[in-house]
Structures are given as structure tokens and as C-alpha cells.
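Here are the chains, one letter per residue:
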Amino acid sequence: MEKVMLTGDRPTGRLHLGHYVGSLKNRVQLQNSGEFDQVFIMIADQQALTDNADNPQKIRDHVAEVAMDYLAVGVDPSKATVFLQSDIPEIAELNMYFQNLVTVSRVQRNPTVKAEIQQKGFGESVPVGFFVYSISQAADILAFRGTHVPAGEDQKPLIEQANEIVATFGRYYDPNLFQPIELVLPPKGMERLVGIDGRGKMSKSLNNGIYLADDEDIIQKKVMKMYTDPNHINVADPGQVEGNVVFTYLDIFCPDKELVASLKAQYQAGGLGDVKLKRLLNDVLQEELRPIRQRRLEFAKDPAQVMKMLEEGGRRARQTAAVTLSQAKTSMGINYFNR
Ligand code: TRP
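Residues numbered from 1 in each chain as written. Predicted model: local features only at pLDDT ≥ 70, side-chain atom pairs only at ≥ 80, totals over all residues. Heavy atoms only, no water.

Novice: Which residues make up the site of the ligand, and what values do they have?
Specialist: Around the ligand sit Leu-6, Thr-7, Gly-8, Arg-10, Met-42, Ala-44, Gln-47, Gln-137, Asp-140, Ile-141, Val-149 and Gln-155, and those are all the residues in its vicinity. Arg-10 is positioned such that a nitrogen or oxygen atom in its side chain is 3.2 Å from an oxygen atom of the ligand. At the level of elements, strand E1 (4–9) and helix H8 (133–142) are the ones that each hand at least two residues to the shell around the ligand. Across the shell around the ligand, the residue classes break down as five nonpolar, five polar and two charged. (Near = heavy atom within 4 Å. Polar contact = N/O pair within 3.5 Å; in protein donor to acceptor, adjacent residues only side chain to side chain. Helix = DSSP H or I, 4+ residues; strand = E, 2+ residues; numbered from the N terminus. Nonpolar A, V, L, I, M, F, W, Y, C, P; charged D, E, K, R; others polar.)

Given below as C-alpha cells:
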């Protein structure tokens, strides 16, 4: 059986450190592992429009930005087909057939979508396209006969629902066309990086992120603002390590685990100041992000070239999706002209 990896992001903003540890890093490793026959990475601009219909400019502005973030972290167009969802009409057509396999009550109780509807305060005024994006996401994956989706825990309900579509399609039409999809979670502890304010996971809406495109000064300023232990006022005071964002980040990013352990002991005993710790974290993060930023700056010099990469990826992706769509129609017995 072919192993096909597919994943994607909504282009509603630049990618940050949370995306990096929770998904991008893992994705690049999988891309380079040689484990997959094909790798697809999709910029989900249509899904992004489902709750931004009044502001397509926001989506348009971030397409190349996200593509540059990909390239900067090591997504390699010679190994991965990177493309735009809106460039592949076959996905939308497959989505239409899938919509007949899913009930309103099923989409309504998808926990991820339900939580988003609540978060965004949509209530009954949820756009239909948003309400049913779980079905279109199944089409995103299955148009390429994806078997493995590296993504966060939050995507689990979407993969579950996609697998129900696989099963129903199998029962109604053809059990062999689509295979069950496996969610590939990030390594333990990397699932949801806390934001620099310690209030929740890093996200654009909470304005608590460190972005892959941030320059050295901005990174340093953000590190210096980071949430630590509010009761650790004097250097000599004993401090809390749990919930202390600086330690959370050191645990993830500092390669010297022994050093981190001894700093924790010192901090808890008292006598280690926040500024000293933050300087260390700043060095560690700068080290990690510098090569990414430098690569990103190179790609940013030539956005037309980046768009060309997406265009070329779209051409290849479309060939695959067209074959799947044709086969799906054949399975359904509606491929009247065998196209
Ligand atoms: N829902 C994903 C997100 O919000 C984006 C996405 C769209 C996706 N289509 C996909 C992820 C297919 C994995 C596979 O981040």
C-alpha cells in the first residue's frame, strides 16, 4: 500500500514557534525520512475563507508568507508537493459527493468545529461553508489518497470524521479506493506550546507568539517579557518552575538537559534571577531561529519565485486529484464518459 502524507495550514497569519514545535518540525522530519511515497503540503486558503469571506485580502496576504515559512523550516519542493487548495477544483467536487455521506447532526457534533463555532461567537449565524468544513477537509486528504496526516491533537475529530466518510464510501461504492487515515501526532510534550504570557497556547489571537519571521531584537524583547513566577520578586527568593514559561521553553529548546535541571534546582532554592535565565533562553532561541530566519529572508527577496513554486506544486497536485476524482466517479457509477 502506498504511504501518502498530507497536511496543511490555514493562511490566516504567519507561522510561529507553536506551529514549529507542534507540527512543522515533525513534518519536515517525516518529509526527509523517506518513509512516504508521496508528500503533500496544502495551504488551505478555501478553508480559511469559510470564516473570512468578508476579508479575502487577509488570506491572500498570507499565502506567500506561509509558503516562505514552510521553505524556511526545511520543506523541500523536490520532496514535497506544496500547493494551494483553491488551485485544485477536484477537491471541491469530491467534497460535493462526500457531503451526501454525512448528516447535519454529525457535522454539528464534531468537537473541534463545535468549539470553534463557540469561540468565534457564531451561534446560529455560522456560515454554511464553515459548518461543513470537516467534510471538505476529508476531501483535502482523500483527493490525494492520503494515508498519514501529521497534525495536532485538535485535528483528531476531523480525522475521525474523515474515516467515517472512508467507511461509508467503501460501503456504498467501493471498499478499495480510500484507505483509513492515520493522524500522526507531534512528539510528546510538543503538542501545544504555551504562549509567552503563560495564559494559553501560543496563538495569533492572544498576541502571545514568537514568529518565525521575527528579527533578533523582537525575539529578545519577547523573551524579556515572558511570564515567569509572579511571586519571585527578589533574586534570593525561591521560585516556581511549574507554569514558568521560561523553564517550559528551556525544557523544549535547550539541548543541555543537565544544565536545565541544575538551573531548576537553583531557581527553586532561591538565588537565581529571571534576567539571567532569560538571557540563556534568548541565546538558545536565537540559535534555533537564526538559520530559519536567514533562509526566510532569502526566499522573501523573490516572492514571485515562491508563487511559482506553488503554481508548479498545484500542477502536480492537480494531476493526482484528477485521477482520484475520476476513480471516485467510476466507483459511484457516474463516470458516464470515462473521463
Ligand atoms: N484544519 C487545519 C488547521 O486549521 C488545516 C487543514 C485543512 C488541514 N485541510 C487539511 C490539515 C488537511 C490537515 C489535513 O490547521
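Novice: Requested: an account of the pattern of salt bridges, with residues and values cited.
Specialist: According to the stated counting rule, one finds 20 salt bridges in the structure shown. Among the salt bridges present, the one from Arg-27 reaches Asp-9, with a minimum N-O distance of 3.0 Å. In this pair, Arg-27 sits in helix H1 (residues 17–32) while Asp-9 sits in strand E1, placing the two residues 18 residues apart along the sequence. Just as Arg-27 is buried, Asp-9 falls in that class too. The residue Glu-116 makes a salt bridge to Arg-10 at a minimum N-O spacing of 3.1 Å. Note that Glu-116 is positioned in helix H6 (residues 111–119) and Arg-10 in the loop between E1 and H1, a separation of 106 residues in sequence. By sharing partners, the salt bridges in this structure join Arg-14, Glu-65, Asp-69 and Arg-296 into a single network. (Salt bridge = Lys/Arg side-chain N within 4 Å of Asp/Glu carboxyl O. Buried < 20%, exposed > 50% of the residue type's maximum accessible area, 1.4 Å probe, protein only.)

Novice: Provide a residue-level description of unusual backbone geometry, including the pertinent values.
Specialist: With a phi angle near 55°, Asn-207 is a residue other than glycine that sits in the positive phi range. Residue placement: Asn-207 occurs in the loop between strand E5 (182–184) and helix H10 (216–224). Even without glycine at this site, Asn-338 takes up a positive phi of about 50°. For Asn-338, the position within the fold is in the segment after helix H14 (303–332).

Novice: Give a detailed account of the domain arrangement of the protein chain, specifying residues and quantitative values.
Specialist: If you check the domain split of the protein chain, you get domain 1 (4–192 + 303–332) and domain 2 (216–298). Using only C-alpha atoms to locate each centre, domain 1 and domain 2 end up separated by 34 Å. Across the contact, 13 residues belong to domain 1 and nine residues belong to domain 2. In this assembly, domain 1 packs against domain 2 so that about 890 Å² is buried in total across both faces, 63% of it on carbon and sulfur atoms. It is Leu-17, Tyr-20 and Ala-72 in domain 1 that bury the most area against domain 2; as a group they hold 52% of the surface buried on that side. For the salt bridge of Arg-296 with Asp-69, the shortest nitrogen-to-oxygen distance reads 2.5 Å. Elements with a contribution of two residues or more to the side of domain 1 that touches domain 2: H1 and helix H3 (56–73). The element contributing the most residues to the side of domain 1 that touches domain 2 is H3, with six residues. Here the side of domain 1 that touches domain 2 is composed, by residue class, of eight nonpolar, one polar and four charged. (Domains from an automatic or database assignment. Contact = heavy atoms within 4.5 Å. Buried area = accessible area lost by both parts, 1.4 Å probe.)

Novice: Kindly report on the nonpolar core, identifying the contributing residues and their values.
Specialist: The tendency in soluble globular proteins is for nonpolar side chains to be buried as a group. Among the nonpolar cores identified, the biggest contains 57 residues, and Leu-17, Tyr-70, Ile-210, Met-226, Tyr-249 and Leu-285 are the most heavily contacted of them. No other element matches the nine residues that H3 contributes to this core. Counting residues domain by domain, this core receives three or more from each of domain 1 (4–192 + 303–332) and domain 2 (216–298). Excluding anything up to four places from it in sequence, Tyr-70 contacts Gly-8, Asp-9, Leu-15, Leu-24, Arg-27, Ile-41, Met-42, Ile-43, Val-75 and Val-82. Counting 46 residues, the second-largest nonpolar core is a separate cluster that includes Phe-130, Ile-135, Val-149 and Leu-183. (Core = buried A, V, L, I, M, F, W, Y, C linked by side-chain atoms within 4.5 Å.)

Novice: How would you explain the packing of H3 against H14 if you had to name every residue and give the values?
Specialist: Packing of H3 against H14 leaves a shortest axis separation of 10 Å and a crossing angle of 85°. With respect to their mutual orientation, H3 and H14 come out roughly perpendicular. Across from Val-63, Ala-64, Ala-67, Met-68 and Leu-71 in H3, the residues of H14 making contact are Val-306, Met-307, Met-309 and Leu-310. Within the contact of H3 with H14, the residues separate by chemical class into nine nonpolar, no polar and no charged. (Axes fitted to C-alpha atoms, helices over the stretch in contact; angles between N-to-C directions. Parallel < 35°, antiparallel > 145°, perpendicular 65-115°, else oblique.)

Novice: Lay out helix H12 (residues 257–269) in plain terms, naming residues and giving numbers.
Specialist: Since there are 3.6 residues in each turn of an α-helix, residues three or four apart along the chain are aligned in direction. The terminal C-alpha atoms of H12 lie 19 Å apart, and with 13 residues this matches the ideal 18 Å at 1.5 Å per residue to within 8%. Along H12, the residues that are buried comprise Val-260, Leu-263 and Tyr-267. Viewed along the axis of H12, the buried residues span an arc of 65°, placing them on a single side of the element. Residues Glu-258 and Ala-269 are exposed on H12 and point more than 90 degrees away from its buried face. Contact partners of the buried residues in H12: helix H11 (245–253) and helix H13 (274–300). Looking at the residues trailing H12, positive phi occurs at Gly-270, about 100°. (Expected span 1.5 Å × (residues − 1). Arc of directions from axis to C-beta.)

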